[in-house]
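# Coordinate inspection notes
Chain residues, written in single-letter form:
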Amino acid sequence: MCPCLLFDNKKANALASLPFHDWKNLSTVVKRHLGDSHNASVAMSENFMDVMKEQKIQSFTDFLIRLKRLLKKICTF
Ligand SMILES: [Zn+2]
């Protein structure tokens, strides 16, 4: 799964947020996506996983609670 689905907060990233239908131009669309915010999303997902490991998440419920707190912080701009 592309981390942009969770970590790209730009609504313009259609590849991560909308169903894909333009199969004829897949290569061009993927190249453009990788040149945009994809790398930032990869970095954020890796940072998120590092934080989760440091906090030693004990259960999936604990994970969801912490994820909700993190998303509240990220989405308050
Ligand atoms: Zn991506």
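Residues numbered from 1 in each chain as written. Predicted model: local features only at pLDDT ≥ 70, side-chain atom pairs only at ≥ 80, totals over all residues.

Once that is clear, we can look at the overall build of the chain. Summing up its helical and strand segments, the chain has 5 helices and 0 strands in all. If you list the helices and strands of the chain from N to C, you get α-α-α-α-α. In the chain, buried positions account for 8% of the 77 residues. (Helix = DSSP H or I, 4+ residues; strand = E, 2+ residues; numbered from the N terminus. Buried ≥ 20, exposed ≤ 12 C-beta atoms within 10 Å, placed from the backbone.)

Turning next to helix H5 (residues 60-74). One turn of the α-helix equals 3.6 residues, which is why residues spaced by three or four share an orientation. Over its 15 residues, H5 extends 21 Å from the first C-alpha to the last, a length consistent with the 21 Å expected when each residue adds 1.5 Å. Burial runs low along H5: only 0 of the 15 residues are buried. (Expected span 1.5 Å × (residues − 1).)

Our focus in this paragraph is the confidence of the model for the chain. Detailed reading of the predicted coordinates is not advisable wherever pLDDT falls low. A residue-level look at the chain finds 82% of positions with pLDDT of 70 or above and a mean pLDDT of 78. Mean pLDDT across the secondary structure elements of the chain bottoms out at helix H2 (residues 14-17), with 66, and peaks at helix H3 (residues 26-35), with 84. (pLDDT = per-residue confidence, 0-100.)

Turning next to helix H4 (residues 38-54). For H4, built from 17 residues, the straight-helix expectation of 24 Å at 1.5 Å per residue is met to within 8% by its first-to-last C-alpha distance of 24 Å. Lysine 56 occupies a position one or two residues after H4 and carries a positive phi of about 50°.

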